[in-house]
Amino acid sequence: MAPEMSEKTQSSRATRLARWLVSGPPLLFLAVFFLLPSAIMVLASFRYPGEFGGLAPLFSTVPGVLHGLTFETYQFFFSDIIYVQVFLKSFLVALATTLICLLLAYPLALLIARSPKKSRDLMVLLVILPFASNFLVRVYAWMILLGPQAALSQAINAVLALFGLTPVHLLFSPFAVLVGMVYVHLPFMVLPLYTNLEKHDPMLLDAAQDCGANAWQRFWRITFPLSMPGILSGAALVFIPVLGMFAIPDILGGTGDMLIGNLIKEQFLGTRDWPFGSTLSIMLTLAVLAVAWLAARLGRGGKYYA
Amino acid sequence: MKSKKQISLRQDCCTAGLCRTLGVLAGLWFLLSFTPAHAEDVLHLYNWNNYISDATIARFEAECGCRVVQDYYSDNEEMLAKLAAGATGYDLIVPTGNAVEALIRQQVLRPLDKTRLPNLGNIDPAWLNTPFDPGNRYSVPYAYTITLIGYNSEKQRALQFPVDSWAVIFEPRYLEKLKGRVTVLDSQRELLAAGLKYLGYSANDTDEAHWKQARDLIIRAKPYWAAFNASSYIKELTVGNIWLVHGYSNDIFQADLDAQKAQRGFRILASIPKEGAVLALDSLVLHKSGPRPDLAHRFINFMLEGRNAAELTNLIGSGNPNRAARAYIRPEIAASAAVFPGAAQLTHLEMLRDLDRRQRRVLSRIWTEIKLR
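Reading the values: rules and limits
- Each residue is numbered by its place in its chain's sequence as written, counting from 1.
- The order in which chains are written sets their letters, starting at A; the order in which ligands are written sets their numbers, starting at 1.
- Only residues with pLDDT of at least 70 are given local features in this predicted model, and only at 80 or more are side-chain atom pairs given and counted; all residues enter the totals for whole chains, interfaces and linings.
- With hydrogens and water set aside, each side-chain value is computed from the structure's full complement of heavy atoms.
- Domain start and stop points were drawn from an automatic or database domain assignment.
- In what follows, residue pairs with any heavy atoms lying within 4.5 Å of each other are defined as contacts.
- For any pair of parts, buried area is found by adding up, for both, the accessible area (1.4 Å probe) each one loses once the two are put together.
- Put simply, buried Ala, Val, Leu, Ile, Met, Phe, Trp, Tyr and Cys residues joined by side-chain atoms within 4.5 Å make one nonpolar core.
- A 1.4 Å probe rolled over the protein chains alone gives each residue an accessible area, and that area as a share of the maximum for its type sets the label: buried under 20%, exposed over 50%, partly exposed in between.
- Comment: elements are numbered from the N terminus, with helices defined as DSSP H or I runs of at least four residues and strands as E runs of at least two.
- What counts as a disulfide here is a pair of cysteine sulfur atoms lying within 2.5 Å.
- Whenever a nitrogen or oxygen atom comes within 3.5 Å of another N or O atom, the pair is scored as a polar contact, on the condition that within protein one atom can donate a hydrogen and the other can accept it, and that pairs from neighbouring residues in sequence are kept only if both atoms are in side chains.
- Each Phe, Tyr or Trp ring (for Trp, its six-membered ring) is paired with any other whose centre lies within 6.5 Å, and the angle between the two planes then decides the class: stacked below 30 degrees, edge-to-face above 60, tilted in between.
- Ring-over charges, as used throughout, are those where CZ of Arg or NZ of Lys falls within 6 Å of the ring centre and within 35 degrees of the ring normal.
- By salt bridge we mean one thing: a side-chain nitrogen of Lys or Arg within 4 Å of a carboxyl oxygen of Asp or Glu.
- Note on residue categories: nonpolar means Ala, Val, Leu, Ile, Met, Phe, Trp, Tyr, Cys or Pro, charged means Asp, Glu, Lys or Arg, and polar means any other residue, Gly included.

All names here are of chain B. Along its sequence, chain B is carved into domain 1 (39-143 + 280-339) and domain 2 (145-278 + 354-372). The gap between the C-alpha centroids of domain 1 and domain 2 is 28 Å. Contacts between domain 1 and domain 2 engage 13 residues on the former and 11 residues on the latter. Interface area for domain 1 against domain 2, summed over the two sides, is near 930 Å², with a carbon-plus-sulfur share of 50%.

Looking now at the nonpolar core. By size, the foremost hydrophobic cluster in this structure holds 172 residues, and its most contacted members are B:Ile169 and B:Trp225. It is helix α3 (residues 82-114) of chain A that provides the largest number of residues to this core, a total of 13 residues. Sequence-distant contacts of B:Trp225, that is, excluding residues within four places in its chain, are made with A:Thr255, B:Ile169, B:Phe170, B:Leu175, B:Val182, B:Val184, B:Leu191 and B:Ile218.

All names here are of chain B. Scanning the entire structure with this criterion turns up 1 disulfide over all chains. Across the disulfide, Cys64 is cross-linked to Cys66 (sulfur-sulfur distance 1.9 Å). Because the torsion about its S-S bond is -70°, the bridge between Cys64 and Cys66 counts as left-handed. The buried category is assigned to Cys66, whose relative accessible area is 8%.

All names here are of chain B. Positionally, Glu350 belongs in strand β11 (residues 349-350). In this structure Glu350 comes out as buried when scored by relative accessible area, which is 18%. At 2.7 Å, the side chain of Glu350 forms a polar contact with the side chain of Lys197. Glu350 has contacts with Lys197, Ser202, Ala203, Asn204, Ala277, Val278 and Leu279, leaving out every residue within four places of it along the chain.

What follows deals with the packing of aromatic side chains. One pass over the structure, following the stated rule, counts 31 aromatic pairs over all chains. Ring geometry for B:Trp127 and B:Tyr144: centres 4.0 Å apart, planes at 20°, overall stacked. Taken together, the positions of B:Trp127 in the loop between β4 (109-110) and β5 (139-152) and B:Tyr144 in strand β5 put the pair 17 residues apart, joining distant regions of the chain. One aromatic cluster in this structure is built from A:Phe76, A:Phe77, A:Phe78, A:Tyr83, A:Phe87 and A:Phe276. Above the plane of the ring of B:Tyr224 lies B:Lys179, whose end atom (NZ or CZ) is 5.8 Å from the centre. A cation over an aromatic ring shows up here: B:Arg326 above the ring of B:Phe340, its NZ or CZ 4.1 Å from the ring centre.

What follows deals with the interface of chain B and chain A. Across the contact, 34 residues belong to chain B and 37 residues belong to chain A. Here chain B meets chain A over a buried area of about 3,200 Å², counting both sides, of which 51% is carbon and sulfur. Three residues, B:Arg360, B:Arg361 and B:Leu372, lead the burial of chain B against chain A; their summed loss comes to 24% of the area buried on that side. At the boundary of chain B and chain A, one finds 6 salt bridges. A:Glu72 is the salt-bridge partner of B:Arg361, the closest N and O atoms lying 3.5 Å from each other. Broken down by secondary-structure element, the contributors of at least two residues to the side of chain B that touches chain A are α5 (97-105), β7 (227-228), α11 (233-239) and α17 (357-372) of chain B. At 12 residues, α17(B) tops the list of elements feeding residues into the side of chain B that touches chain A. Of the residues assigned to the side of chain B that touches chain A, the class counts are 10 nonpolar, 8 polar and 16 charged.

Structure representation (structure tokens):
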């Protein structure tokens, strides 16, 4: 009996060790690159801004030097509805971007997944090809494409002129921001969808057809529910980066296109108010976590179908 | 943002063999020529992008038998942040007025030894003794930029909008003809200052009620503006998409040069509004951490010579505080009021003072309201 016992404990110790070895590095990664920076941010949000940027010291014996911790920044955040409005607006833009990406990406992913195996790799390569050039360069290219001298603007305004309508400006508008957001994030929706759709068993569709389901029913009752995990991971991959994006509104946006990312960037680079920038970042992180939690819950619901 | 021009030198080797031979020769030359005595004569200059002529640098290097190594920044905040984070070894920096003040208060600047600067007399006294550095204990004026109105000459002729007042930026009656063709700077301080000036207040007014008046003025004009823009408006002016801007004088100079080079058939002109405008004076200062104050003084004195000071103005159209430089500046540039404002205009120009943390926060909220409404 005894040797058997020791063998058992040994093997359980080995599995425990293996578990730690496997989950250790990612946990460490999470601690160093997420928890630690978040903790620094939380601390920064309670400190005073430094006179020339940065933060005022925590401790100081020099009289007249501002130091210590304060709730002032949080009071400031909640003192005005305007910051909540910026959050809401960013959420709306992120939501719209995600929906448009989904509508555009789904047929494409389906097409790739149902193509002959030979051509799939090439098509996936084409989807990720834009990553070969710099993100900012691609966004700047939209400045030319949407500019008033470009064919697109000229054509739209010629049509509008036929009906006696005033010409529109495509560049520097909420429309341009949405175009930029969708363009940049589309591959992040296509890839998880494709990975999911590719794994579907074609036999299921055949069976459904044999039972008399038409094309729409086959899609809506079989393919779509099965692709739910792909949709959710794609949505998360689009929604969350869009929420924090500041470069696209900066470059393509007009006079009213301030999103939460722009506001945070401005606190650090323009206003020299790190505590307020940190407060806004914490609020954003909490909002993103809430969305991720929601997505995870919905995702669990999705398993009913599978 | 200052206008920038990047020059890249690239030599293509035709064959790998030639490359290898050249590499060996270069290595030998490197070993032979860089004896320790030479390597120590290096001046470290922390400067704006494209803020000194290559010809000037080359001439100084020949004259002193030393090397000038430059590092670049594109705004004062960036430079201050880098120094605050512990960057050292810079002999000379070229900050704007309020950043000079910040550096003086942080006690990181080395006082000037004026006995080593015989050419200091070349500076126009109007540019000395600024509120930032009374008595110029630390700073020598280098160049300046004015924030003013830039416009497309042909469109102005056709539409006849006024260019001598901020009214054209803020009043809907003028903006109606310009809808979607106007950009203003994406800078809280600069735009607010333009609004305050138009309302008849000082650019440095910190009364919150006046700020709110300026905010309302900006929000009323905003629907007519294409964008808040601090970088791509140079290109948009040159191409002809944007006809009127609130921008920096040297950027407008750059847009004009580009438009002429591309033979667009129009010029991009600048005008200082009669209500006054913001002036940014950049000065040479010595950082305490710089190992070569001797070379730094020598460089400042060299830059104070008229010919050397003129080269920057000829290159980027910056304002020049040096009286001796006038003779070397191209006449069409010297004639521009945006580069050399007259004495009467000069009294309307103001340098921005730094705001304290509460004021910065209030201004930031006003700015958020402006952007959101």
